[in-house]
Amino acid sequence: MSDSGEHAADPIPHALEAQKRACESLGSTVATRILDALAGDYTSKGPTHRLLHDRFSRPVHDAAPLRLLGGLHRLALSAAAPDLARHFPTTGGRPSDHLERDTVVAVETHAHALDADLDQQVQTNEIGRSVVHMALCQWLGRSGHTEFDLFEVGSSAGLNLNFMRYGADTGHGTMGDQGSPIMFGPEWFDIAPPIDGRAATPVRIVGSDPHPIDVSTDDGATRLLSFVWPDHLERFGRLRTAIEIARTHPPDLRRASADTFLADAIASPAARPTVVFHSITWQYMGPDTQEAFVATLSRLGQDATTTSPLVWARMEPAGAVADIQATIWSGSDTAVHQRLGTIGYHGRGMRWSEPSG
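From a predicted model like this one, the values you see are computed outputs, not experimental measurements. (Residues numbered from 1 in each chain as written. Predicted model: local features only at pLDDT ≥ 70, side-chain atom pairs only at ≥ 80, totals over all residues. Heavy atoms only, no water.)

1. A look at the packing of helix 2 (residues 29-43) against helix 6 (residues 99-109)
Phase 1 of the analysis: It is the contact of helix 2 with helix 6, at a shortest axis distance of 9 Å, that shows an interaxial angle of 60°. By the angle class used here, helix 2 and helix 6 are oblique. The interaxial crossing formed by helix 2 with helix 6 has right-handed handedness. Residues Val30, Arg33, Ile34, Ala37, Leu38 and Asp41 of helix 2 lie in contact with helix 6, whose contacting residues are Leu99, Glu100, Thr103, Val104 and Val107. (Axes fitted to C-alpha atoms, helices over the stretch in contact; angles between N-to-C directions. Helix = DSSP H or I, 4+ residues; strand = E, 2+ residues; numbered from the N terminus. Parallel < 35°, antiparallel > 145°, perpendicular 65-115°, else oblique. Left-handed = near helix turned anticlockwise from the far one by under 90°. Contact = heavy atoms within 4.5 Å.)

2. Describing the sheet that holds strand 3 (residues 174-176)
Phase 1 of the analysis: Strand order across the open sheet formed by three strands is 3-2-4, with mixed pairing between neighbours. Each having just a single partner strand, strand 3 and strand 4 (183-184) make up the two edges of the open sheet.
Phase 2 of the analysis: Strand direction decides the pairing type here: strand 2 (residues 167-169) and strand 3, joined by three bridges, are antiparallel. Bridging across to strand 3, Gly167 finds its partner in Gly176. (Pairing = 2+ DSSP bridges.)

3. Comments concerning the nonpolar core
Phase 1 of the analysis: Counting residues in hydrophobic clusters, the biggest one holds 50 residues, and the most contacted among them are Trp139, Leu159, Tyr166, Phe184 and Met350.
Phase 2 of the analysis: Looking at which element gives the most residues to this core, the answer is helix 8 (residues 130-142), with eight residues.
Phase 3 of the analysis: The contact partners of Met350, leaving out residues within four places of it in the chain, are Val131, Val132, Ala135, Trp188, Phe189, Asp190, Ile191, Pro193, Ile324, Thr342 and Ile343. (Core = buried A, V, L, I, M, F, W, Y, C linked by side-chain atoms within 4.5 Å. Buried < 20%, exposed > 50% of the residue type's maximum accessible area, 1.4 Å probe, protein only.)

4. Re the pairing of strand 11 (residues 336-343)
Each regular strand carries side chains that alternate between the two faces of the sheet.
Phase 1 of the analysis: Here strand 10 (residues 321-329) runs beside strand 11; their pairing, made up of seven bridges, is antiparallel. Bridge pairing in strand 11 places Ile328 opposite Val336.
Phase 2 of the analysis: Linking strand 10 to strand 11, which pair antiparallel, is a turn of six residues; within it Gly331 sits at a positive phi near 100°.
Phase 3 of the analysis: By the bridge criterion, two bridges tie strand 11 to strand 12 (residues 350-352) in an arrangement that is antiparallel. Bridge assignment links Thr342 to a residue of strand 12, and that residue is Arg351.
Phase 4 of the analysis: Linking two consecutive strands that pair antiparallel, namely strand 11 and strand 12, is a turn of six residues; a positive phi of about 105° is found at Gly347 within it.

5. Considerations on the pattern of salt bridges
Phase 1 of the analysis: Throughout the structure, instances matching the rule amount to 22 salt bridges.
Phase 2 of the analysis: With a closest N to O distance of 3.0 Å, Arg348 and Glu234 form a salt bridge. Remark: Glu234 occurs in helix 10 (residues 233-248) and Arg348 occurs in the loop between strand 11 and strand 12; sequence separation between them is 114 residues.
Phase 3 of the analysis: Classification of Glu234 by relative accessible area gives partly exposed; the value is 47%.
Phase 4 of the analysis: Each of the salt bridges in this network shares a partner with another, and the network as a whole consists of Glu126, Glu234, Arg235, Arg238 and Arg348. (Salt bridge = Lys/Arg side-chain N within 4 Å of Asp/Glu carboxyl O.)

6. Examining the layout of surface pockets
Phase 1 of the analysis: Looking at the largest pocket, its volume works out to about 1,000 Å³.
Phase 2 of the analysis: Taken together, 43 residues form the lining of the largest pocket, with Thr124, Arg129, Ile280, Gln283 and Tyr284 sitting closest to its centre.
Phase 3 of the analysis: Sorting the residues of the lining of the largest pocket by element identifies helix 1 (12-25), strand 1 (147-153), strand 6 (201-209) and helix 12 (282-285) as the ones contributing at least two each.
Phase 4 of the analysis: Across the lining of the largest pocket, the residue classes break down as 19 nonpolar, 19 polar and five charged. (1 Å grid on protein atoms, 1.4 Å probe; cavity = no way out; pocket = protein on both sides within 12 Å on 5 of 7 lines; lining within 4 Å. Points joined across faces, edges and corners; volume = space filled by probe spheres on them. Nonpolar A, V, L, I, M, F, W, Y, C, P; charged D, E, K, R; others polar.)

7. A closer look at the sheet that holds strand 12
Phase 1 of the analysis: Strand order in the open sheet formed by nine strands is 5-12-11-10-9-8-1-6-7, with mixed pairing between adjacent strands. Two strands bound the open sheet, and with one partner strand each, they are strand 5 (189-191) and strand 7 (252-255). Neighbouring strand axes in the sheet, compared pairwise and without regard to direction, differ in orientation by 25° on average.
Phase 2 of the analysis: Strand direction decides the pairing type here: strand 1 and strand 8 (residues 274-279), joined by four bridges, are parallel. Opposite Asp149, over in strand 8, you have Thr274 as the bridge partner.
Phase 3 of the analysis: Taken strand by strand, helix 13 (residues 287-301) contacts strand 1, strand 8, strand 9 (310-318) and strand 10, and its axis lies near 150° from that of strand 9.

Geometric values such as these leave the question of function open.
Shown next, in the form of structure tokens:
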């Protein structure tokens, strides 16, 4: 979503409606109904209005509706709002005709807690996006590289840094760990990446986030789980499994802004490809960080060679799906750009289409 449609007078109704449409298109009936209730209560100047009015100048950019959705889900997960939890499949409930009423009551009853939640960034850490990491290993291998270093910005809790501990069966070949409790089947791939046994292996995997979540704590795990919509049980279960894997195999995750992290982490590149990656992160960086991030990449790219290229890979919004793109510095005067495919926002429906040759 973009901020272009936000109303100058009061952008909140547009943000709630836009997020409602997004949840509906991605198959969350419960989140759609909650947002409809919040929008109606806001218009009626109820507790939602008191909570949100004049709080965000750019509520779409700041994901204000998702912050509030996460806060409500967290109340249910922590048993603080049992009347709301009874509607949520993730807490063993089932939505009834009273979902909308109980949503508004929860906003009024727990306004103080939700007020604090609105100060927290959205942290989805969608595990399905790790199929992109796996596909990049295949792509690098077909380019003649056997090893690489991966630096991911906007890593949230760093769960996708454990992508080598997950597995995928594309129907035309396998990727990752075939014994993993997290497996992505052929239904995740509309067009799978070519798999020919030449996948590159990551040597270093390091992530950063300005506000990382520590899932080794119950509070951190609950917060991360709260950003999954309450009726997306498959995603919720997969995330819980990934959290358990991370507790056994903690990812290397640093607290840092994207631009400063790059400058420090890649100060001395190794004699192998360096891949910088992010997914559904760009809009949250802000223009100043974006500019500094690209400037850092361009500077680092000046030292790249054909054997140790710098690759900026990303999965970012492109309308109804996300684009998978790569910009490669390899010693020439100009970087090379490739569009590698598209994918759904939660990782399903990959359509790999890298250029041939």
